[in-house]
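# Commentary on secondary and tertiary structure
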Amino acid sequence: MIRQYDMKFGDAFLLDDDSNNPYLVDFGSTKGISLKSRDIVYRYDKVIADLESFGDNKVNFLLTHFHEDHYIGLLYMMKKRHIEYNFKKIIVPDIRNKFIMTRILYSIFYETMLKLIFLGRKRSKVFTNLYEVSRYFLADISKLKFVSRGDVVDNNQILWPITCYERDLSSITNEYGKIIHELNLTVVNKKYTKKINNEITKCVDVWYEMFISKENFVDSEQFIAFSHLDCLIEELVSIARGKDLNYDVLKEISDYLRKDVHKYNIVFHNMENNKYNYLFTGDISSTNMKKIFNNVGILPSISLHNKYYYIKIPHHGTKTHFFDFTSKLNDSAVLLISSGKSKYKPIYECYYSMYQTYGHICSNCNHCETFKIHNSCLCVKNKIVFPKESLDI
């Protein structure tokens, strides 16, 4: 059984294959954790109620990658509901490498800054939230498992991420310097560029030490390292307000930055081949999904199953992450799309041809290119989670 939740714009799936190892795959939303946001609060509460129905220490949690729309529900559970659900195991991508961590933090920093400029918002808590969820994972280090390609956890085989990455940290600052130059974002001058580099370096050192030492304790210096990055984002956003900016370029660069974090994203499938094979992709990019499909140039060599019954479509079904899975879909296949209302991230209309042949389940159809282009919602013929909080598949 797979239970798909409508998180408005975010991911949450409950995977229960009757092996006494149920998995909650991601738990987040772009809606944040304010109790005033009633449209998302009762959806968080539904996921929590389902966890509690299994009993404490019965469900595993798998985080595909470190974006808030995949983990913020954990902070809601901990900080707003004060519920300490004990997961059986916590599975996260293996990012214990300063090069990887640096890329992730640079990507999150600039993506968040551009998003706030783009949406006209002021506040950033993305780095303090990242610190809080990291501490949450370290609450019981015996349960925390870092995984990469080739690892097997219960009945799940990890297909991505790979662990072979370059280690030249200077290449990262040069790369992001070029991005900002292309943006002509004059608010990020040499003074701020140096400050950003210094603050991210401090934060990487703290984050790395947290995961390597696997110690969970409240440390004001740790918190300050993360919170300084939020303050720096807010400062730059304030300066940028009123500037003449090319918002199409902002969006294009933001999409690029987002994919950088998606390089360190868990993709997995069921280990034992059967007629109900599933493939969960998180927010994997089409480039890396192609590498997984071709099984060439990446180690260890792992062949996909011939056909899958369930495939979770990457990144909410958006155009930027589109991948054609038709060669791996059996005749009764079901596509799972964690869609949501987002003007700039609609479900890509190229999934339309798949809709005509295969079943699909979308979280909701608040924003979909298929509807705009064909003037009809194909969810009527298939299934949609909304207005319910969840749907069993």
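Here goes a summary of the coordinates provided. Model, not experiment: these values are computed from the prediction.

## Overview of the sheet that holds strand S15 (residues 390–392)
Read across the sheet, seven strands follow the order S6-S5-S4-S3-S2-S1-S15 without closing on themselves; strand pairing throughout is mixed. Edge positions in the open sheet fall to strand S6 (144–147) and S15, since each of these has one partner strand only. Sheet twist, expressed as the mean angle between neighbouring strand axes with direction ignored, is 20°. Here strand S5 (residues 90–93) runs beside S6; their pairing, made up of four bridges, is parallel. Paired with Ile-91 across the two strands is Lys-145, which belongs to S6.

## Topic: the sheet that holds strand S10 (residues 278–280)
Pairing in this open sheet of eight strands is mixed, and the strands run S7-S8-S9-S10-S11-S12-S13-S14 from one edge to the other. At either margin of the open sheet sits one strand with a lone partner, and together these are strand S7 (152–153) and strand S14 (383–384). Looking at chain direction, strand S13 (residues 359–362) and S14 are connected through two bridges and run parallel. Bridge assignment links Cys-362 to a residue of S14, and that residue is Ile-384.

## A few points about the pattern of salt bridges
Across all of its chains, the model carries 13 salt bridges by this definition. The shortest N-O distance in the salt bridge between Asp-50 and Arg-3 comes to 3.1 Å. One end of the pair, Asp-50, is in helix H1 (residues 38–54); the other, Arg-3, is in strand S1 (residues 2–5), and 47 residues separate them in sequence. Close ionic contact of Asp-94 with Arg-96 constitutes a salt bridge, the shortest N to O distance being 3.0 Å. You can call Arg-96 partly exposed: its relative accessible area is 33%. The network of salt bridges with shared partners includes Arg-3, Lys-46, Asp-50 and Asp-392.

## What about the layout of surface pockets?
What the second largest pocket holds in volume is close to 370 Å³. Lining the second largest pocket are 17 residues, with Met-78, Glu-84, Asn-86, Tyr-136 and Ala-139 positioned closest to its centre. The element that contributes the greatest number of residues to the lining of the second largest pocket is helix H4 (residues 126–137), accounting for four residues. Here the residues of the lining of the second largest pocket sort into nine nonpolar, three polar and five charged.

## Re the packing of aromatic side chains
Centre-to-centre distance and the angle between the planes together describe a pair of aromatic rings. All chains considered together, the criterion is met by 25 aromatic pairs. Both rings, one in Phe-66 and one in Phe-137, keep their centres 6.4 Å apart while their planes meet at 70°; by these two values the pair is edge-to-face. With a gap of 71 residues between them, Phe-66 in the loop between strand S4 (60–62) and helix H2 (68–80) and Phe-137 in helix H4 connect regions that are remote in the sequence. Accessibility classification places Phe-66 together with Phe-137 in one group, the buried group. Ring plane angle 45° and centroid distance 5.9 Å describe the contact between Trp-207 and Phe-211, whose orientation is recorded as tilted. On the criterion of helical spacing, the pair formed by Trp-207 and Phe-211 is a turn pair, its members being four residues apart in helix H6 (residues 190–213). Each member of the pair, Trp-207 as well as Phe-211, is classed as buried. Each residue in the set Phe-61, Phe-66, Tyr-85, Phe-87, Tyr-136, Phe-137, Phe-146, Trp-207 and Phe-211 is aromatic and connected to the rest through ring pairs, giving one cluster.

## What to know about the pairing of strand S2 (residues 12–15)
Of the two faces of S2, the one holding Ala-12 and Leu-14 and the one holding Phe-13 and Leu-15 are both buried throughout. Bridge analysis of S1 against S2 gives three bridges, and the strand direction is antiparallel. Along S2, the bridge assignment pairs Arg-3 with Leu-14. Hairpin connection of S1 to S2: six residues between the antiparallel strands, including Lys-8 at a positive phi of 70°.

Cut-offs and rules
Every chain's residues receive numbers from 1 upward, in the order its sequence appears when written. With pLDDT at 70 or above as the cut-off, local features in this predicted model cover only qualifying residues; side-chain atom pairs require 80 or more to be listed or tallied, and sums for whole chains, interfaces and linings still use all residues. Heavy atoms from the whole structure form the basis of all side-chain values; hydrogens and water molecules are not counted. Between any two strands, at least two bridges found by DSSP are needed for them to pair. A run of DSSP states H or I qualifies as a helix once it reaches four residues; a run of E qualifies as a strand once it reaches two. Both are numbered from the N-terminal end. What counts as an axis is a line fitted to C-alpha atoms, over the stretch in contact for a helix, and the angles between N-to-C directions run from 0 to 180 degrees. Here, a salt bridge means any side-chain nitrogen of Lys or Arg that lies within 4 Å of a carboxyl oxygen of Asp or Glu. Residue burial is assigned from relative accessible area. The probe radius is 1.4 Å, only protein chains are included, and a residue is buried under 20% of its type maximum, exposed over 50%, and partly exposed in between. With a 1 Å grid laid over protein atoms only, a set of points is called a cavity when a 1.4 Å probe fits there but cannot get out and a pocket when it is open yet has protein on both sides within 12 Å along at least five of seven lines; lining residues have an atom within 4 Å of a point. Grid points are joined across faces, edges and corners, and a volume is the space filled by probe spheres set on the points. As a working rule, the residues Ala, Val, Leu, Ile, Met, Phe, Trp, Tyr, Cys and Pro are called nonpolar, Asp, Glu, Lys and Arg charged, and the rest polar, with Gly in that last group. Pairs were defined over the aromatic rings of Phe, Tyr and Trp, the Trp ring being its six-membered one, requiring ring centres within 6.5 Å. Orientation was assigned from the angle between planes: stacked under 30 degrees, edge-to-face over 60, tilted for the rest.

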